[in-house]
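Structure at a glance
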Amino acid sequence: MMLPFVHMVKYVLYQKQVRMTTLTHRARRTEIGKNTEKKVESEEDTSQDKSPETEDTGDSKDIRLTLMEEVLLLGLKDKEGYTSFWNDCISSGLRGGILIELAMRGRIYLEPLTMRKKRLLDRKVLLRSDSPTGDVLLDETLKHIKATEPTETVQTWIELLTGETWNPFKLQYQLRNVRERIAKNLVEKGILTTEKQNFLLFDMTTHPVTNTTEKQRLLKKLQDSVLERWVNDPQRMDKRTLALLVLAHSSDVLENVFSSLTDDKYDMAMNRAKDLVELDPEVEGTKHSATEMIWAVLAAFNKS
């Protein structure tokens, strides 16, 4: 009678051990599943953070320049240290550069498309982050965008920042002395210097180029983008290079970029750049991985 009882006890203990082992395995599988889900979510968050609209894809060179600084550098006469007196486009071009720079740094974006697809020029500029950029002009613009209600479009913001508005209550949004402030940034970065020149009736502060190497690097980058490295597809171009070509065209300094080329290369470069800026912003802006703010700024300049 004792032997069956012993077997029964062993059998009960064995069943308990099996159940405990099964529960342990289930718990481990559940924990692994949760960790896997967390890992997937983490990877999704990381991929979202690296979206084209939020990623800052600036040049990783020794001297880091903003789009506005590059546009002004392209427009400056090297020895004289000032832009052409006949250029009345560069002011608005610099403001457009500010908006693109803020978008590339993940601070602002265009309102998302809805079922009723709005044109780029009808979509409002929205704030993504108000964290400081370290650049006075960018942070001043960011402060204006944050404080403005209702929100405004890209074209309206370019007009407000340049002071070209008929609304007297919005004149406070004008960015003043933009060229001089950008030039001072370039002086601090060792690219320009500051001089005084007399123009018969008045004295003017000028900023001749001292670091010609940096300017030549910039010129070569743009020249190569439409010659040796021409891809004939804006979606495959470096985003900052594309933005700079658009801004250089809108600021009427694109001819300065190609003036050192031979006649045949000059014609080829100008024709390709012209083809680029004559693309339909509404079509290009909706393509995969397109930086909408670049095309919205181009659309604004095409309309003005």
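Structure's up top.
Remember, predicted model here, so these are calculated numbers, not experimental data.

1. A few points about the nonpolar core
Among the nonpolar cores identified, the biggest contains 73 residues, and Leu74, Leu99, Ile100, Ile108, Val154 and Met293 are the most heavily contacted of them. If you tally residues by element for this core, the top one is helix α12 (residues 292–303), at nine residues. Leave out the neighbours within four places in its chain, and Ile100 touches Leu67, Ala243, Leu247, Met293, Ile294 and Val297.

2. Details of the packing of aromatic side chains
The geometry of two aromatic rings is summed up by the distance between their centres and the angle between their planes. Under the defined criterion, the tally for this structure stands at two aromatic pairs. Relative to Phe85, the ring of Tyr82 has its centre 5.2 Å away and its plane inclined at 15°; by these criteria the two rings are stacked. Since its relative accessible area comes to 16%, Tyr82 is described here as buried. Consider the rings of Trp157 and Tyr173, whose centres lie 5.6 Å apart with planes at 70°: the pair is edge-to-face.

3. Considering the packing of helix α2 (residues 67–75) against helix α7 (residues 212–226)
One can describe the packing of α2 onto α7 by two numbers: an axis separation of 11 Å at closest approach and a directional angle of 100°. In terms of their interaxial angle, α2 and α7 are classed as roughly perpendicular. Facing Glu70, Leu73 and Leu74 of α2, the residues of α7 in contact are Lys215, Arg217, Leu218, Leu219, Lys221 and Leu222. Per-class residue counts for the contact of α2 with α7 are five nonpolar, no polar and four charged.

4. Quick word on the pairing of strand β3 (residues 195–199)
In the sheet, β3 pairs with strand β4 (residues 202–206) via five bridges, with the strands oriented antiparallel. Considered in β4, the bridge of Lys196 is made with Thr205. Here β3 hands over to β4 after two residues, with Leu200 in that stretch at a positive phi of 60°.

Cut-offs and rules
- Residues numbered from 1 in each chain as written.
- Predicted model: local features only at pLDDT ≥ 70, side-chain atom pairs only at ≥ 80, totals over all residues.
- Heavy atoms only, no water.
- Core = buried A, V, L, I, M, F, W, Y, C linked by side-chain atoms within 4.5 Å.
- Buried < 20%, exposed > 50% of the residue type's maximum accessible area, 1.4 Å probe, protein only.
- Helix = DSSP H or I, 4+ residues; strand = E, 2+ residues; numbered from the N terminus.
- Contact = heavy atoms within 4.5 Å.
- Phe/Tyr/Trp six-rings, centres within 6.5 Å; stacked < 30°, edge-to-face > 60°.
- Axes fitted to C-alpha atoms, helices over the stretch in contact; angles between N-to-C directions.
- Parallel < 35°, antiparallel > 145°, perpendicular 65-115°, else oblique.
- Nonpolar A, V, L, I, M, F, W, Y, C, P; charged D, E, K, R; others polar.
- Pairing = 2+ DSSP bridges.

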